[in-house]
Amino acid sequence: MPIQSPRKQALAAALAITLALLAAPLAAASLGSLRMLSATAATATAAPGWDIITSNGSRLRIEVLRSDVIHVQAGRNGVSGFAAGKSQDC
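Reading the values: rules and limits
Residues numbered from 1 in each chain as written. Predicted model: local features only at pLDDT ≥ 70, side-chain atom pairs only at ≥ 80, totals over all residues. Heavy atoms only, no water. Helix = DSSP H or I, 4+ residues; strand = E, 2+ residues; numbered from the N terminus. Buried < 20%, exposed > 50% of the residue type's maximum accessible area, 1.4 Å probe, protein only. Contact = heavy atoms within 4.5 Å. Polar contact = N/O pair within 3.5 Å; in protein donor to acceptor, adjacent residues only side chain to side chain. Salt bridge = Lys/Arg side-chain N within 4 Å of Asp/Glu carboxyl O. Patch = residues over 30% accessible without salt bridge, like charges linked within 9 Å, V, L, I, M, F, W, Y side chains within 5 Å. Areas by Shrake-Rupley, 256 points an atom, 1.4 Å probe, with all protein chains shown as cover. Pairing = 2+ DSSP bridges. Axes fitted to C-alpha atoms, helices over the stretch in contact; angles between N-to-C directions.

### Focus: the overall build of the protein chain
Then, number 1: A count of helices and strands for the protein chain gives one helix and four strands.
Then, number 2: Reading the protein chain from its N terminus to its C terminus gives the helix and strand order α-β-β-β-β.
Then, number 3: Expressed as a percentage of its 90 residues, the buried residues of the protein chain come to 17%.
Then, number 4: Contacts in the protein chain between residues far apart in sequence, at least 24 positions, make up 8% of those at least 6 positions apart.

### Regarding the side chain of Asp 51
Then, number 1: Residue placement: Asp 51 occurs in strand β2 (residues 49-54).
Then, number 2: Of note is the side chain of Asp 51, whose polar atom sits 2.8 Å from the side chain of Arg 61.

### Some words on the pattern of salt bridges
Then, number 1: Going through the model one piece at a time under the given rule, you end up with three salt bridges.
Then, number 2: Here Asp 51 and Arg 59 are joined by a salt bridge, their closest N and O atoms 3.5 Å apart.
Then, number 3: What makes Asp 51 buried here is its relative accessible area of 9%.
Then, number 4: Look at Arg 59 and you get buried, because its relative accessible area is 18%.
Then, number 5: Its salt-bridge partner being Arg 61, residue Asp 51 comes within 2.8 Å of it at the nearest N-O pair. Of this pair, Asp 51 sits in strand β2 while Arg 61 sits in strand β3 (residues 59-66), and the two are 10 residues apart along the sequence.
Then, number 6: Through salt bridges with shared partners, a single ionic network connects Asp 51, Arg 59 and Arg 61.

### Re the environment of Gly 49
Then, number 1: With respect to the element layout, Gly 49 can be found in strand β2.
Then, number 2: Exposure remark for Gly 49: the relative accessible area of 7% places this residue in the buried category.
Then, number 3: Along the chain, Gly 49 and Val 64 lie 15 residues apart, while their C-alpha atoms are 5.6 Å from each other.

### A few points about a nonpolar patch on the surface
Then, number 1: Taken together, the side chains of Leu 34, Leu 37 and Trp 50 make up a nonpolar region of the molecular surface, amounting to roughly 340 Å² of accessible area.
Then, number 2: Here Trp 50 is to be found in strand β2.

### Structural notes on the pairing of β2
Then, number 1: Pairing analysis gives six bridges linking strand β1 (residues 34-40) to β2, with the strands arranged antiparallel. Bridging from a neighbouring strand, Ser 38 pairs with Asp 51 of β2.
Then, number 2: Hairpin connection from β2 to β3: four residues lie between these consecutive antiparallel strands, with Gly 57 at a positive phi of about 90°.

### Some thoughts on the sheet that holds β1
Then, number 1: Strand order in this open sheet of four strands is β1-β2-β3-β4, and the pairing throughout is antiparallel. A single partner strand is all that each edge strand has here, and the edge strands are β1 and β4 (69-75). Shown here is a sheet whose adjacent strand axes are inclined to one another by a mean of 15°, direction ignored.

Nothing here speaks to function; it is all geometry.
Given below as C-alpha cells:
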C-alpha cells in the first residue's frame, strides 16, 4: 500500500465524514403557518430580534447578536426550551 500524504489523508477523512453525514437519516419538523411575528427589544440579557409562533405551536426566536451574526432558537408547544443567559445552540 502506498504511503499517502497528510493532505490526501485529510481529504479522504473529510470525504468519509461527509458521506457518512449524507447517509444518515435527516429529520425535520414542519413549522406550520405563521401565527404571530413580534419584534423584541434589546435587554440586559437578550439581543434585539424577533419571536415567531406558528400554527402548530412551534416557537422560533431569532436574535441579532452583531451585524454579521444571528442566533436562532427553536422549540415546540410555545416553549423555547432555553434559559435566558445560557448558551445552548440548536
